[in-house]
Amino acid sequence: MPAPRTLLDKIWDEHVVCTPTGELPLLYIDRHLVHEVTSPQAFEGLRLAGRRVRRPEATFATPDHNVPTTDRRLPIADPVSKQQIDTLRANCQEFGVRLFDLGDADQGIVHVIGPELGITQPGMTIVCGDSHTATHGALGALAFGIGTSEVEHVLATQTLRQAKPKSFEIRVTGRLPEGVTAKDLVLHLIGRLSTEGGTGYVLEYTGECIRGLGMAERMTVCNMSIEAGARAGMIAPDATTFDYLRGRDFAPADFDGAMAAWERLPSDPEAVYDRVEIFSAADVVPQVTWGTNPAQVVGVDGDVPDPGSLGDSSEQASAVRALEYMGLAVGTRITDIPLDRVFIGSCTNSSIEDLRAAANVIKGHRVAATVRAMVVPGSGRVKRQAEEEGLDRVFTAAGFEWREAGCSMCLGMNPDTLAPGERCASTSNRNFEGRQGKGGRTHLVSPAMAAAAAVRGHFVDIRGWEYR
Amino acid sequence: MEPFTSHTGIVAALDRANVDTDQIIPKQFLKRIERTGFGQFLFSDWRFLPDGSPDPAFELNRPEAAGATVLLARRNFGCGSSREHAPWALADYGFRVVIAPTFADIFFNNCFQNGMLPVKLSEDEVAELFRRTAATGQPYRLTVDLETNTVTDTGGFTASFSVDPFRRRCLLEGLDDIALSLTHADEISAWEAAHGLPAVGG
């Protein structure tokens, strides 16, 4: 009988092309996603070496990081951003790569449109020059971020040099309490694993809690694996995955045949992981980050912690610096922190489900006078769906700005940024110094928590929210 | 790629953990479509005061760190985004080596693509190097030798490190790894033939 294998083992074994003596294995890459910021130098490298894209039909591109989220009919004001987006268009044309361009109905954040179009499928290897590629693991794929030199390598060879990562089972028992979301779960996990607890591993999320999550929630969890240091996070495909994929544009023509193969992917019952940690969903409360990395997080019912109470000396030094940057005093109640801005969007939390959750909180309320709030849907499709459901009117009636799809203020490469000192409740994935704008202060939360904070002007515990 | 065999240079000590790639190269500088010219933006938000002048309190701006080519930092260096602009900025500024107890995976891999060596030493060894760098207020030099896998100074410090043998060979020989991978084109084609090219619908 063959040795029991994990989901990671099965995908890995299937995709190793060869392991030449003295070299790292060459791993075959099924899907390569490309965006405007990390690809121009890779295409230029191909051009200089006279190389072609080995499998243009397995390569998909969209501009997302840099794009304005205002009216798409207007020209792009920043000439350098415009050049990067124009360069992507020219490269896709020259090398025969399918581009979901600005103005295309299906443009959006690369990690949103991959699953949405059915480009992402179980059992695949998927890479992109972006660390949040881990998102696609929610469909049972092995997906991870790579650098631009590796982008060039994949374009030229359809393979990647890669040592096999170790496997790490994150088992989450029970069910999330009312008002607690997938975002809270993953922040809770990162807080316990630390920003480097997953380094060198692929995380596989298992257990009753994970099985009960919908696809959007699973993507939120896998998306933030990198914030715990893991290049990839994955969830075994099941009926939820198959129901999500069936009928999508790029789903296999013989869907039932594909499904039969996918059903063999989940880890064998006796499979051994390199590391296992077990968490209880019942312990999770709504989370708010207080610091400048995603592991610096606490429950909404807590206080800004004393750095002296945290970890070792370097973690404590990090926390002291973080509090200074964030302008927060030890012992401040989280619900007493006032906000200037609210951002609902990013590859972590811009799905139709996320927008519904936020709209549900906002309905019948107004954004606080002291707060500027915006919603940026993850893709053109999400935006249209939300408009069909009337969510855009709920947001705008409450005083939110309703924007076009893109990465927007998650990283502030486009004009959507925080001013120095501004404090933002954000559904994105990173609260690093300056991430949303130089001197800006980011608190990571779920969409429902962000919506409630927009209404009240400070954080509130969503579990006690008065829905109208 | 420029080969890396052995390097001796001045150490800049950045006594911080979890230095993320957003700090190494802030996003406003990612719009260039070239690989070069990023050094001027390295650690931009930390390095410069609001008026654009160098912040004298920032570690890299100290006189003893002038001309540094070896960067010393605490653990989880290079966490966050996959942007290769981070190693491009470090290399363009002049760094050939980064020493830390641990590195984020994507940053670690990206260094090797750019002739820059990331060296993992133990927490204790890194702490000792911080002490030695700060001890005299004078420029402190280290030699990092990839042929012997050692880090040494002239005052008796010696530590050894390990590197993946393939990455090591690529650095020592300055190999073009795409050209090397393309020597396996037949195997790649064979894999594709055996698996059928994964169907692309739509």
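Right, let's walk through the structure included here. Fair warning: this is a prediction, and the values are worked out from it, not measured in the lab. (Residues numbered from 1 in each chain as written. Chains lettered and ligands numbered in written order. Predicted model: local features only at pLDDT ≥ 70, side-chain atom pairs only at ≥ 80, totals over all residues. Heavy atoms only, no water.)

## Details of the nonpolar core
General note: in soluble globular proteins, nonpolar side chains tend to be found buried as a group. Counting 112 residues, the largest nonpolar core has A:F395, A:F400, B:F43, B:L71, B:F77, B:L90 and B:I99 as its most contacted members. In terms of nonpolar packing, the next biggest core, distinct from the first, is built from 74 residues, A:L99, A:L213, A:M224 and A:V297 among them. (Core = buried A, V, L, I, M, F, W, Y, C linked by side-chain atoms within 4.5 Å. Buried < 20%, exposed > 50% of the residue type's maximum accessible area, 1.4 Å probe, protein only.)

## Concerning helix α3 (residues 85–93) of chain B
Residues of α3(B) that are buried: B:H85, B:A86, B:P87, B:W88, B:A89 and B:L90. On its buried face, α3(B) sits against α2 (40–49) and α5 (148–157) of chain A together with α1 (21–24), β2 (70–73), β3 (97–100) and α4 (105–112) of chain B. (Helix = DSSP H or I, 4+ residues; strand = E, 2+ residues; numbered from the N terminus. Contact = heavy atoms within 4.5 Å.)

## Here we look at helix α6 (residues 182–193) of chain A
Residue and element names in this part refer to chain A. Compared with an ideal rise of 1.5 Å per residue, which puts 12 residues at 16 Å, α6 spans 16 Å between its outermost C-alpha atoms and is within 8% of the ideal. With 10 of 12 residues buried, α6 lies mostly within the body of the structure. Among all positions of α6, only A182, K183, D184, L185, V186, L187, H188, L189, I190 and L193 are buried. Trailing α6 by a residue or two, S194 shows a phi angle of about 80°, which is positive. (Expected span 1.5 Å × (residues − 1).)

## Side note on the interface of chain A and chain B
Counting residues at the interface gives 70 residues for chain A and 59 residues for chain B. A buried area of about 5500 Å², summed over both sides, lies between chain A and chain B, and 51% of it is on carbon and sulfur atoms. Here chain A and chain B share eight salt bridges between them. Between B:D176 and A:R51 there is a salt bridge; the shortest N-O distance is 3.3 Å. (Buried area = accessible area lost by both parts, 1.4 Å probe. Salt bridge = Lys/Arg side-chain N within 4 Å of Asp/Glu carboxyl O.)

## Regarding the sheet that holds strand β17 (residues 401–402) of chain A
Residues and elements named next belong to chain A. Within the open sheet, the five strands sit side by side as β17-β16-β15-β18-β19. Their pairing is parallel. A strand with exactly one partner marks an edge of an open sheet, and here the two such strands are β17 and β19 (441–444). Here strand β18 (residues 423–426) pairs with β19 via four bridges, running parallel. Considered in β19, the bridge of A425 is made with H443. (Pairing = 2+ DSSP bridges.)

## Some words on the packing of aromatic side chains
Residues and elements named next belong to chain A. Inspection of the entire model under this criterion finds 19 aromatic pairs over all chains. On the numbers, 5.4 Å between centres and 70° between planes, the contact of F395 with F400 is edge-to-face. Here the basic side chain of K166 rests over the ring of Y201, its NZ or CZ set 4.6 Å away from the ring centre. (Phe/Tyr/Trp six-rings, centres within 6.5 Å; stacked < 30°, edge-to-face > 60°. Lys NZ or Arg CZ within 6 Å of the ring centre and 35° of its normal.)

## Examining the pattern of salt bridges
All names here are of chain A. For the coordinates displayed, the defined rule picks out 50 salt bridges over all chains. In this structure, D268 and K10 form a salt bridge, with 2.9 Å as the shortest nitrogen-oxygen distance. Within this pair, whereas D268 is found in the loop between α10 (255–262) and β12 (275–280), its partner K10 is found in helix α1 (residues 7–15), the two being separated by 258 residues in sequence. Using a relative accessible area of 25% as the deciding quantity, one classes D268 as partly exposed. Owing to a relative accessible area of 10%, K10 belongs among the buried residues under this scheme. The salt bridge partner of R384 is D106, with a shortest N-O separation of 3.8 Å.

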